[in-house]
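Here are the chains, one letter per residue:
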Amino acid sequence: MADFNAMNNALVSCDAGRLTRLVNEAVAADVPAGDILNQGLIAGMDIIGEKMESGDMFIPEVLMAAQIMASCLDIIKPLLGEGEGADERVVVIGTVKGDLHDIGKNLVSMMLESAGMKVIDLGVDIPPEDFVAKAKVNSATLICLSALLTTTMPMMKQTVDAIVEAGIRDEVKILVGGAPVTQAFSDEIGADGFAADAGSASKLAKQLTSSLQKA
Ligand code: B1M
């Protein structure tokens, strides 16, 4: 039985050694990787978000916690996959310009890869023209945009507009996500889909790209 509260506390207190040990113990005890992710790691990060908002935690600590979370994600990464084998679909993914948050985007990348897609991860702070250029050169069928800040959501619209202006809108589907993003926002900016978490992003990515292949 995993102690998810202890994992939350270890992440909040930036105790890398303790969190790594707890995650390894949970893996050894066959606790499902999805539970470790959602109840141990993401729930801990949510507490950090609350503390950040109330001024009880500051950027350097939050950054440290993010690095610790990333190293723990590496431990559970092999267990999260769906193992379907490689296919032809190429996905270009990134966090939009002005936004440096990458944990959620990395999780989405991970899930897409394990669903067999070829993922080209551009990283963070990616301007619209870079999404367009990489999608063109790699003949991508899907562009995934992540944003965690309300102030960077308009950059998603600018990226969609750039994709339209580049003349490749009919060749790619566009999937958007990130904590402040909603289905209504996705519809408003002309994206093809919104996913609230990495698991649904992977499912929707498969649906969207298979409809494109049939078209
Ligand atoms: Co930032 N930050 N941050 N931060 N940070 C938030 C987002 C915030 C909500 C905290 C708060 O105040 N409560 C707040 C945003 C408020 C708002 O916009 N309304 C905030 C702020 C204000 C800021 C700064 C402006 C702070 C400052 O400088 N004063 C600054 C901005 C820097 C910038 O980007 N330009 C900043 C900086 C940082 C750090 C660098 C310190 C660090 C990021 C480190 C990193 O990512 N490497 C950080 C962190 C860690 C957070 C919180 C605490 C955690 C984010 C996270 O990783 N969550 C966050 C509070 C929170 O979210 N509770 C906060 C875990 C992750 C798994 O969830 O990313 O939501 P998430 O991903 C989810 C889904 O959203 C979805 O799947 C994932 C789950 O499966 N998803 C997608 C994500 N992308 C998707 C794409 C898809 C589909 C689904 O399709 C393409």
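Residues numbered from 1 in each chain as written. Predicted model: local features only at pLDDT ≥ 70, side-chain atom pairs only at ≥ 80, totals over all residues. Heavy atoms only, no water.

### Concerning the overall build of the chain
Stage number 1. Broken down by element type, the chain carries nine helices and five strands.
Stage number 2. Written out in order from the N terminus, the α and β elements of the chain read α-α-α-α-β-α-β-α-β-α-β-α-β-α.
Stage number 3. Relative to a compact globule of 215 residues, whose C-alpha radius of gyration would be 17 Å, the chain shows 18 Å and is just as compact.
Stage number 4. With the principal axes as the frame, the chain shows a C-alpha extent of 50 × 40 × 25 Å.
Stage number 5. Every one of the 215 residues in the chain was classed for burial, and the buried ones make up 48%.
Stage number 6. Look at the contacts in the chain between residues 6 or more apart in sequence, and 73% of them connect residues 24 or more apart.
Stage number 7. Summing over all exposed atoms, the chain offers an accessible surface of approximately 10400 Å²; the carbon and sulfur share of this is 54%. (Helix = DSSP H or I, 4+ residues; strand = E, 2+ residues; numbered from the N terminus. Rg over C-alpha atoms; globule rule 2.2 N^0.38 Å. Buried < 20%, exposed > 50% of the residue type's maximum accessible area, 1.4 Å probe, protein only. Contact = heavy atoms within 4.5 Å. Areas by Shrake-Rupley, 256 points an atom, 1.4 Å probe, with all protein chains shown as cover.)

### Focus on the environment of Gly55
Stage number 1. Take Gly55: it is sitting in the loop between α3 (33-53) and α4 (59-80).
Stage number 2. On the basis of relative accessibility, which here comes to 34%, the residue Gly55 falls in the partly exposed class.
Stage number 3. Linking Gly55 and Met156, residues 101 residues apart in sequence, is a C-alpha distance of 28 Å.

### Thoughts on the sheet that holds strand β4 (residues 173-177)
Stage number 1. Read across the sheet, five strands follow the order β2-β1-β3-β4-β5 without closing on themselves; strand pairing throughout is parallel. The open sheet has two edge strands, β2 (118-121) and β5 (193-194), and neither has a second partner.
Stage number 2. In this sheet, β2 lies alongside strand β1 (residues 90-95) in parallel orientation, the contact comprising four bridges. Along β2, the bridge assignment pairs Ile93 with Asp121.
Stage number 3. On the sheet, helix α7 (residues 153-165) packs against β3 (142-146) and β4 and is oriented at approximately 160° with respect to β3. (Pairing = 2+ DSSP bridges. Axes fitted to C-alpha atoms, helices over the stretch in contact; angles between N-to-C directions.)

### Observations regarding the domain arrangement of the chain
Stage number 1. Looking at the assigned domains, one finds that the chain contains domain 1 (4-79) and domain 2 (90-214).
Stage number 2. The C-alpha centroid of domain 2 is placed 26 Å from the C-alpha centroid of domain 1.
Stage number 3. Between domain 1 and domain 2, the contact holds seven residues from the first and four residues from the second.
Stage number 4. With both sides pooled, the region where domain 1 packs onto domain 2 buries about 490 Å², and carbon together with sulfur makes up 89% of that total.
Stage number 5. Linking domain 1 to domain 2 there are one salt bridge.
Stage number 6. Across the pair Glu113 and Lys77 runs a salt bridge whose closest N-O atoms are separated by 4.0 Å.
Stage number 7. There are zero residue pairs in polar contact (both at pLDDT 80 or more) connecting domain 1 and domain 2.
Stage number 8. Elements represented by at least two residues in the side of domain 1 that touches domain 2 include exactly α3 and α4.
Stage number 9. With four residues, α4 is the single largest residue contributor to the side of domain 1 that touches domain 2. (Domains from an automatic or database assignment. Buried area = accessible area lost by both parts, 1.4 Å probe. Salt bridge = Lys/Arg side-chain N within 4 Å of Asp/Glu carboxyl O. Polar contact = N/O pair within 3.5 Å; in protein donor to acceptor, adjacent residues only side chain to side chain.)

### What to know about the side chain of Arg89
Stage number 1. Along the polypeptide, Arg89 turns up in the loop between α4 and β1.
Stage number 2. For Arg89, a relative accessible area of 11% gives the class buried.

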